[in-house]
Amino acid sequence: MSLASDYVQTASVTSTPAGKFDPSLMAVFVVATIGMLVSTLLTIVNPQWLVG
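### Focus: the overall build of the chain
Here comes step 1: Within the chain one finds 3 helices and 0 strands.
Here comes step 2: Counting from the amino terminus, helix and strand elements in the chain follow one another as α-α-α.
Here comes step 3: For the chain, the proportion of its 52 residues judged to be buried stands at 2%.
Here comes step 4: Here the chain has roughly 4600 Å² of accessible surface; of this, 75% comes from carbon and sulfur atoms.

### Things to note about the confidence of the model for the chain
Low-pLDDT portions of the prediction should not be read for the details of their coordinates.
Here comes step 1: Of all residues in the chain, 62% attain a pLDDT of 70 or more, and the chain-wide mean is 78.
Here comes step 2: At the low end of the mean pLDDT range in the chain sits helix α1 (residues 2-14), at 64; at the high end sits helix α2 (residues 23-45), at 92.

### Brief notes about a nonpolar patch on the surface
Here comes step 1: On the surface, a nonpolar cluster with roughly 790 Å² of combined accessible area is contributed by F21, M26, F29, V30, I34, V38, L42 and W49.
Here comes step 2: The element best represented in the nonpolar patch is α2, accounting for 6 residues.
Here comes step 3: Here I34 shows up in helix α2.

Rules used in this analysis
Residues numbered from 1 in each chain as written. Predicted model: local features only at pLDDT ≥ 70, side-chain atom pairs only at ≥ 80, totals over all residues. Heavy atoms only, no water. Helix = DSSP H or I, 4+ residues; strand = E, 2+ residues; numbered from the N terminus. Buried < 20%, exposed > 50% of the residue type's maximum accessible area, 1.4 Å probe, protein only. Areas by Shrake-Rupley, 256 points an atom, 1.4 Å probe, with all protein chains shown as cover. pLDDT = per-residue confidence, 0-100. Patch = residues over 30% accessible without salt bridge, like charges linked within 9 Å, V, L, I, M, F, W, Y side chains within 5 Å. Salt bridge = Lys/Arg side-chain N within 4 Å of Asp/Glu carboxyl O.

Written out as C-alpha cells, the structure reads:
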C-alpha cells in the first residue's frame with residue numbers, strides 16, 4: 001500500500017496539470033483491479049489457498 005501512496009504522491013508532483021489523462025496511473029489501477037478479481041475468483045474456487 002505504501003508503494004501505491006508513494007506513486008500517487010510522486011505522480012501528483014511530476015504529472016501533467018489537473019484534468020489531463022495520466023496513462024501510467026490508469027495502468028496501475030487496471031493491474032490492481034485485475035489482481036483483485038483474480039484473487040477473488042481463486043478464493044471462491046478454492047478458499048484454502050488463502051489460508052495456506
